[in-house]
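Inside the fold
Read off the chains here:
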Amino acid sequence: MRYNIYSLLKCQLLYCAFSSWNLVLGQIRYSIPEELQLGAFVGNIAEDLGLDVKQLSTRSFRLVSGPRKQYVEINLDTGILFVKDKIDREEICGRSLSCVLSLGGLLENPLKLYKVTVEILDVNDNDPTFPKRQFHLQISERSKAGMRFPLESAHDLDIGNNSVQKYELLPNDYFVLDVRTGEGKMPVLVLKSSLDRETESSHSLTLIAKDGGIPVRSGTVEIIIIVKDTNDNAPVFFQKDYRVSLLETAPTGTQVIILNATDSDDGLNGEIRYSLSSHTSATAREKFGVDAKTGKIHVKGRLDYEESNTFELIIQAIDGGSDPMSGHCVVSVNIIDVNDNPPDVTLTSLSRTISEAAPVGSVVALFSAADKDSGRNGLVQCQISNKLPFRLDSSLENFYGILVHQALDRENVSSYDITITCTDAGNPFLTSEKTVRVDVSDINDNAPRFTQSLYTAHVKENNVIGASIFSITAFDPDIGLNAQLTYSILETQVMNSSVSTYFSVNSETGVIFAQRSFDYEKSKNFRIQAQVMDRGTPPLASNVSVNIIVLDENDNIPVIVQPLAQFGSAAVETISRFAEPGYLVAKVSATDADAGQNARVSYAIFQATLHNLFTISPDTGEIWTIRRITNNDASEQRLLFYCVFSSRNLVFGQIRYSIPEGLQLGAFVGNIAEDLGLDIKQLSARNFRILPGPRKQYVDIGMDTGILFVKEKIDREEICGPGLSCVLSMSGLLQNPLKLYPIEVEILDVNDNTPSFPKRQFHLEISELSSTGTRFPLESAHDADVGTNSVQSYDLLSNNHFVLDVQLRDEVEKLPVLVLQSSLDREKESTHSLILIAKDGGVPVRSGTVQVIIIVKDANDNVPACSQSVYRVSILENTTTGTQVIALNATDPDDGHNGEITYSISSRSTFGARDLFSVDSKTGEIRVKGKLDYEENKAFGINVQVTDGASDAMSGHCEVLVNILDVNDNPPDMTLTSLSGAISEDAPVGTVVALFSAADKDSGRNGQVQCHVSNKLPFRIDSSLKNYYGLLVQHPLDRENCSNYDVTITCTDAGHPPLTSRKIIRVEISDINDNPPRFSQHLYTANVKENNAIGASIFSITAFDPDVGLNTQLKYSILETRVLNASVATYISINSETGVIYAQRSFDYEKLKNFQVQAQVMDSGTPPLASNVSVNIIILDQNDNAPVIVQPLAEFGSAAVETISRFAEPGYLVAKVSATDADASQNARLSYTIFQATQHGLFTISPDTGEIWTIRPIVNKDASKQRLVIVVKDNGIPSLSATVTINLSVIGGDTDTFSSVSGSPEVPSFHQDLSLSLVIALAVISIIFLAILIILAVKVHKSRNALVEVVVLLVHVLKTRRENTPTLHHNPSYRSTPKPLKLCKVRVAILDVNDNAPSFEEKEFRLEMSERSRLETRFIFESAHDSEVGTNSVQTSRLHPTDYFILDVQMRSGKGKLPVFGVAEFLG
């Protein structure tokens, strides 16, 4: 939290009011709010402790924070405790109500520890947060209002009033919020109004959690409510009635129709299964089957038109809900009759479409024609019409091909129906025809046309809504999509309403359906516009007018307008007792709203007190007296007339009478003579008689009176059954001349039957979750009477849950429907008994009853509940896994699966509870699952969820509070509060080495701790404050005797049995510079070969210092002295860190053989200490000087001349070769050999003295001039040499007998070989090695003698390589000599040429080094290898520049130069 200056002052003033300290046994306590700025004032520790500020520094006062970060610090100059680091109470103490920083204030000299506690007060700096961004709840749409759904609480790191204080739910239509209080506030969602998944499948709510701080902070979460579907919608078919036609030869499996029912529910509730209802006849169930999944009706058995030509299939669609609902439809299947034994024509192949450009002879189809019969009955002949452009071709018995016979033209004929007629030879013969349609490729060039230019449709009024009233037909000569037609009705207004509210048309068939029931009295005709359109591209259309004429039905009862009824339904008239016959008593007048014949009203007396007293005019309704009124006649006469029903119509010689059923025998029907206008006498004269037709003769005529009367008992229900119209059709026959009069006697219904139900009891199963208003159709009552005498009304005896509604079916039949008025509850009342009464409309009213038994089906409408909302239990923390904690008991009043309860631990439980406890899903037993620890958590809140087993499961919750009891299972916990990284070895006794705290997580005696250390150590434990300990120096320390101590601190609690903890503290003793460095030797001797490389390592001296750190960091140096009048620094140098001595010049043994220097080593301590040592450096001689010939001296160029007498004896001293060598010892020992001679067997040379003697006498054949090449070699490695040529002149004797020096030798073959070798050697040297010779000569010596030596040696090398041996041992032999043979050893040295490159053993070296490696730390590498020697071998090493390393080269005795890496910069 950031404050400006003003707010900081305000904050200080604010918390000054409650900042306080208490000194209780050395304890100080402060209280500050969190989030203070760095440097903010906490308290004055010096003042509070009563200390002088100066003591804080002198006694080294410091704060010890323990394991936590140090959030406060003290200013030693002022004694003020101030904020050092950002203080976040939630980060430090979490959810703990109390947040205290426990510090130790340490004063030394003497040691005193003060316990300082800083209480951190909470500031509202955290927003409430929910564990998730979204909560997802699944709630059944059947859930009742008031149901509760607990939600996960919000979490606020703040405490007290700054934590979550309230919840708010943004307004919505379905839910409200309740907050349950207890150990915390838990938001609970409460359902306010019912859900409907089909209307809205999900809801999004926003829940806000607010704290009580100032200002108020809040957090939000989105609650996604997913409405779970319940089975509250029944399946619905697209149509109620389907009509299909099917040939009787349809094979088993043939598809009849595919039904489609829909259910707006989801999941299993919306999965529909089809079946044949039990109301379907057994025969139909044998013949047809329905696929349960697809609704496809197929032929199941063999059809036979002669057995049954129609079937009515009642299809039931049932959904997959747990309480399934069903819908029904009726499929009427009409079987089409075919001949049973026709020849069988089988189409093998057919080209349905053929191009009109197909050539003559193209095959259109192949078919076979066969008859299952045998003999002549099986012989078949086939033909097609010769008017078609096709012909039949038969090349194989019973197989035919249809071929193109003439050119085709689709514009004239777009398709051909080729009728193949096959006739067998039976008697009578049977014929089969098969029509093959061949379409010619088409384009959409013809508009569809209606079959009529104007259609007129007649429809009776009071029609059924949705009934088919007419059909229009159009055709299109095109084919395919071009001929696929769509019918529609063009929009227009009919009586100010859209035409679509009156009519609709099937877009595919053109069938027009009525969308309402018409009333002739309101509308007598309509005109609409219909359109047909094909599906070609572009589409073409045609229109047609359709006149719809409404036909009148006799649907209006005559209304009596006179006389008016005064008392109930009776009118009162008076008549004088003295009235004469023919007296007009009254006139009955009635009107009828119908038209035409339906409006003609006739009058008749149905009942009378005295039948022979009054008569009524059938046309006018006038009532007259027939006779006088006598005293015996009653004073009140009751006349009942039925002008409503009785009528007489004479249409074109037809006579129609209407009489009620049940008339007595002989009752008057009508006067047939009068009605036909015949004289009564003609009836007998012309032999008039009644022809009754197929029925019994119920009436007859009195020939004397011409009256038609009842002859047999007339029961309308027996004669006509349930038909609304019951007419006895007969004829009246007159002869002479013959004349036939149609006579109809309409039998009017009389209420003589009581309504009855098909069963005594109806059983209905209704889900208790059925919503009010749900309707349940019942089976209708049956009344044999018709019209108003049939069932007219239903009554339901009063009850608490249901009312009755009556629904009209087909505008005639009344269907009782039970309507749920109030919700059912199976748990309160599982069954209901209702009484349904059916009443007719007759006089008097008749009725029938049935008992309706309602069985309430259980629905999952009850939430499981535990016997208690909160359980409390205590267990030991060492309770073993599997121990039972408690057994819960939850109940659910629902039945079956809805009442089966499953237990589980919900996510709303205390963190970690689900890992430590488990619940048996069936029994509700909670058991220990993991290891309990009192110190980690002293209590757990286990939120147990109990869920029922319904598909739309409901859940309840209860809380189990588990209290953990402590046992001594924790050893003391030691925390190192402060540790001196290193303590000086001169630290005084009593110095504090370390501070630590020892505490035990256990409680009571289990948490009391005692600590100690071994008394063999120079340390002791001191405790001046509870649980705080100091480790102090008890005896003087000496780092050189013991540089560190591993102090084992042992702490034991007071539990039983006691537990012990040990902590090892390593105390490092820091060094003081009390030891000077010492060399490993008192005197060093270094041997250095002369001609060394400048800068090469020649020796190494080593010193050590028992101190550590800077005190043991040594620096080497050479003390200044003079060597041969020059500074010693010009001769040698030393690496100040490693002690490696390097040569600063190349030494020459011949000039300087040894010298002595003084080396010094000094440490880096304070003050520094040093030591000196003498180093003798001895120069070792190297063979670096070639021998020098001093005798004989060369006179002519490079050759010396000597003379010898021809008469010299063997052993004659011819000459002496003398040479010197500047080297010493073995390198100066010289040997002499003859390298070349004119005659090898004549002279020899002493290898030690260089004296040349003759071996034999000189003969005449010997040349007078002898040439000797003498080689002088030293004994060094490698050997160096010098040569001298001596030309000898032989004097004395006959010189003509001697050859010249260049003449042939004594042994011709030997000299010939030697000359050839010399020629080859010289040629090779001059051509191939000239450049190499010059380079080597310059590098070795610039003197002429060295060049001669190299030439001679190379000649030897050439010869050596030819003979494949590095050393030539030539044993010269002499053919004749006066002295014994002497063997001379010749050694040839091979000089190195730089023909090999240095190489390392590996291509890559890998080193792992710590990033803590100090500067100048050295890392030795393997040397490079070079097979060369001397200066041609490895001389220098170089490292490519890097940021971190440099290269040093160290001389390794006998192994050459060793590369060493040094760290130049700290690694990071």
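Residues numbered from 1 in each chain as written. Predicted model: local features only at pLDDT ≥ 70, side-chain atom pairs only at ≥ 80, totals over all residues. Heavy atoms only, no water.

1. Topic: the overall build of the protein
In terms of regular secondary structure, the protein is built from 12 helices and 104 strands. Counting only residues that meet the buried cut, the protein has 42% of its 1468 residues in that class. By sequence separation, contacts in the protein at least 24 residues apart represent 65% of the contacts at least 6 residues apart. Entry remark: accessible area of the protein is about 79300 Å², with carbon and sulfur atoms responsible for 51%. (Helix = DSSP H or I, 4+ residues; strand = E, 2+ residues; numbered from the N terminus. Buried < 20%, exposed > 50% of the residue type's maximum accessible area, 1.4 Å probe, protein only. Contact = heavy atoms within 4.5 Å. Areas by Shrake-Rupley, 256 points an atom, 1.4 Å probe, with all protein chains shown as cover.)

2. Comments concerning the pairing of strand S22 (residues 310-319)
For S22, a buried count of 7 out of 10 residues is recorded, marking the element as mostly surrounded by other parts of the structure. Following S22, the chain reverses through 6 residues before pairing antiparallel with strand S23 (residues 326-336). (Pairing = 2+ DSSP bridges.)

3. A word on the sheet that holds strand S2 (residues 41-44)
Pairing between the strands of a sheet is mediated by backbone hydrogen bonds and can be parallel or antiparallel. Here we have 3 strands laid out as an open sheet, ordered S2-S5-S4, and antiparallel in their pairing. What marks the edges here is a single partner per strand, and that holds for S2 and strand S4 (72-75). Shown here is a sheet whose adjacent strand axes are inclined to one another by a mean of 25°, direction ignored. Relative to strand S5 (residues 80-83), S4 runs antiparallel, the two sharing 4 bridges. The residue bridging Asn75 from the neighbouring strand is Ile80, located in S5. (Axes fitted to C-alpha atoms, helices over the stretch in contact; angles between N-to-C directions.)

4. Quick word on the environment of Leu101
Relative to the elements of secondary structure, Leu101 occurs in strand S6 (residues 100-107). Measuring from C-alpha to C-alpha, the distance between Leu101 and Arg68 comes to 8.5 Å, with 33 residues separating the pair along the chain. With residues up to four places along the chain from it excluded, the contact list for Leu101 reads Arg68, Tyr71, Ile92, Val116, Thr117, Val118 and Ile120.

5. Examining the environment of Arg410
On the secondary structure map, Arg410 appears in the loop between strand S29 (399-404) and strand S30 (415-424). The class of Arg410 is buried, set by a relative accessible area of 4%. Sequence spacing of Arg410 and Asp442 is 32 residues, and the spatial spacing of their C-alpha atoms is 7.1 Å.

6. Topic: the state of the cysteines
Per the stated rule, a full pass over the model turns up 4 disulfides. Each disulfide pairs two cysteine sulfurs, and for Cys93 the partner residue is Cys99, the sulfurs being separated by 2.0 Å. Classification of the bridge connecting Cys93 and Cys99 rests on its S-S torsion, roughly 70°, and on that basis the disulfide is right-handed. For the pair formed by Cys93 and Cys99, the shared burial category is buried. Counting only the cysteines that form disulfides, in the order they appear in the protein, gives the pairing 1-2, 3-4, 5-6, 7-8. (Disulfide = S-S within 2.5 Å.)

7. Considering the pattern of salt bridges
Evaluated as defined, the whole model comprises 27 salt bridges. Among the ionic pairs, Glu168 bridges to Lys210, the shortest N-O distance being 3.2 Å. Here Glu168, found in strand S10 (residues 164-169), pairs with Lys210, found in strand S13 (residues 202-211); they are 42 residues apart in sequence, far enough to count as distant. Exposure remark for Lys210: the relative accessible area of 22% places this residue in the partly exposed category. A salt bridge links Arg1039 to Asp1071; its shortest N-O distance comes to 3.1 Å. With a gap of 32 residues between them, Arg1039 in the loop between strand S79 (1028-1033) and strand S80 (1044-1053) and Asp1071 in the loop between strand S81 (1060-1070) and strand S82 (1078-1079) connect regions that are remote in the sequence. This pair shows no difference in class: Arg1039 is buried, exactly as Asp1071 is. Residues joined in a network through salt bridges with shared partners are Lys166, Glu168 and Lys210. (Salt bridge = Lys/Arg side-chain N within 4 Å of Asp/Glu carboxyl O.)

8. So, the packing of aromatic side chains
The final tally for this structure, using the stated rule, is 23 aromatic pairs. When the centroid spacing of 5.5 Å and the interplanar angle of 50° are considered together, the rings of Tyr502 and Phe526 count as tilted. Of the two residues, Tyr502 sits in the loop between strand S38 (497-498) and strand S39 (503-505) while Phe526 sits in strand S41 (residues 525-534), which places them 24 residues apart along the sequence. Assessed through its relative accessible area of 4%, Tyr502 is described here as buried. An aromatic cluster of three or more residues is present, and its members are Tyr502, Phe503, Phe518 and Phe526. For the cation-ring pair, Arg516 lies above Tyr502, with the distance from its terminal atom to the ring centre recorded as 3.8 Å. (Phe/Tyr/Trp six-rings, centres within 6.5 Å; stacked < 30°, edge-to-face > 60°. Lys NZ or Arg CZ within 6 Å of the ring centre and 35° of its normal.)

9. Thoughts on the sheet that holds strand S27 (residues 380-383)
One open sheet accounts for 4 strands, arranged S25-S31-S30-S27; its pairing is mixed. The sheet is open, and its two edges are formed by strand S25 (353-354) and S27, each paired on a single side. The sheet contact formed by S30 and strand S31 (residues 431-440) spans 9 bridges and is antiparallel. Considered in S31, the bridge of Ser415 is made with Asp439.

10. Some words on unusual backbone geometry
That bond from His1056 to Pro1057 is cis: its omega, -5°, falls within 30 degrees of zero. For Pro1057, the location among the structural elements is in the loop between S80 and S81. Cis geometry marks the peptide bond from Gln1191 to Pro1192, where omega comes out at -5°. Its place among the elements puts Pro1192 in the loop between strand S93 (1188-1191) and strand S94 (1199-1205). Phi is positive for Asn1125, which is not a glycine, with a value near 65°. Counting through the fold element by element, Asn1125 comes out in the loop between strand S87 (1122-1123) and strand S88 (1126-1127).

11. Thoughts on the confidence of the model for the protein
Per-residue pLDDT for the protein averages 81, and the proportion of residues at 70 or more is 86%. Every residue in residues 642-652 is under pLDDT 50, and counting partners more than four places away or in other chains gives 38 contacts. (pLDDT = per-residue confidence, 0-100.)

12. Considering the side chain of Asp552
If you trace the backbone, Asp552 turns up in the loop between strand S42 (541-551) and strand S43 (559-562). Lys524 provides the closest opposite charge to the buried, salt-bridge-free Asp552, at an N-O distance of 8.0 Å. Once residues lying within four places of it in the same chain are set aside, the contact partners of Asp552 are Glu461, Tyr520, Glu521, Asp594, Ala595 and Asn598. (Lys, Arg positive; Asp, Glu negative; His and termini not counted.)

13. Digging into the environment of Pro972
Relative to the helices and strands, Pro972 is located in the loop between strand S73 (955-965) and strand S74 (973-979). Judged by relative accessible area, Pro972 falls into the buried class, the value being 4%. For the pair Pro972 and Leu1059, spaced 87 residues apart in the sequence, the C-alpha separation amounts to 7.2 Å. For Pro972, the contacting residues outside a window of four places in its chain are Ala999, Asp1000, Val1009, Cys1051, Thr1052, Asp1053, Leu1059, Thr1060 and Ser1061.

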